[in-house]
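Structural description and commentary
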Amino acid sequence: EETIQQAMDSEWVVIAKSGILDDIIPDEDEQNRIKKFFTDNYIELSDMYKFYSAVNSGGGTHTLEYIEFSKFLCETNIFQTSDGANSNVILKIFLGSHLNGEETPNIHSEIRQPEFFVCIIKIALFKYIIQTKKKTRNFEKEGTRSLPSGIVKT
């Protein structure tokens, strides 16, 4: 367990030093809850990262390509990708999760494990914050007729 904590701490330092976490999750308590989630699930998430990073790269497990990331999303059904409607969002998440500010990321760029964790955070933000807000706005625009049964507009 101490080894897992040390491994996650080193990953977290990379994420925190980049400044991206403060940009997308400014609340420190929320950052700590997210870090705890990654620590609690570190082995499974790390194993997934290694498995999918080996899919297209001839067995290398230290970086994940966009095509491998897309395969991960499709096969795990974490993010609906089958209709292609979210492909722009997926690409933006992938490109926006690069922590190396030296190069401009592109579709051929690769991400390391800390960046994979950033992708997961951004997917959660998109699914549970951004899409929820959009659905709520659409319900409000259309009135109570389009609200799911049992929900009363206040």
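Before reading on, note that the structure itself is shown above.
Residues numbered from 1 in each chain as written. Predicted model: local features only at pLDDT ≥ 70, side-chain atom pairs only at ≥ 80, totals over all residues. Heavy atoms only, no water.

Examining helix H4 (residues 42-53)
Here H4 spans 16 Å end to end across twelve residues, near enough to the 16 Å set by a 1.5 Å rise per residue. Burial in H4 covers these residues: Tyr42, Leu45, Ser46, Tyr49, Tyr52 and Ser53. Seen along its axis, H4 keeps its buried residues to an arc of 135 degrees; they face one direction. (Helix = DSSP H or I, 4+ residues; strand = E, 2+ residues; numbered from the N terminus. Expected span 1.5 Å × (residues − 1). Buried < 20%, exposed > 50% of the residue type's maximum accessible area, 1.4 Å probe, protein only. Arc of directions from axis to C-beta.)

Looking at the nonpolar core
Counting 31 residues, the largest nonpolar core has Ile15, Phe38, Phe69, Phe116 and Phe117 as the members making the most contacts within it. At the level of elements, helix H1 (2-18), helix H2 (20-24), helix H3 (28-40), H4, helix H5 (66-76), helix H6 (87-96) and helix H7 (113-142) are the ones that each hand at least two residues to this core. A total of eight residues in this core trace back to one element, the largest contributor, which is H7. Other than its neighbours up to four places away in sequence, Phe38 contacts Met8, Trp12, Leu45, Phe117, Ile120 and Ile121. (Core = buried A, V, L, I, M, F, W, Y, C linked by side-chain atoms within 4.5 Å. Contact = heavy atoms within 4.5 Å.)

Here's the deal with the pattern of salt bridges
Side chains carrying opposite charge are able to pair once their charged atoms draw close together. Enumeration according to the criterion identifies five salt bridges in this entry. Glu30 is the partner of Arg33 in a salt bridge, and the nearest nitrogen-oxygen pair spans 2.5 Å. Of this pair, Arg33 and Glu30 both sit in helix H3, three residues apart, roughly one helical turn. The partly exposed category is assigned to Glu30, whose relative accessible area is 31%. Where Lys36 meets Asp40, a salt bridge forms, and the shortest distance between an N and an O atom there is 2.6 Å. Of this pair, Lys36 and Asp40 are both found in helix H3, four residues apart, which corresponds to roughly one turn of the helix. Using a relative accessible area of 48% as the deciding quantity, one classes Asp40 as partly exposed. (Salt bridge = Lys/Arg side-chain N within 4 Å of Asp/Glu carboxyl O.)

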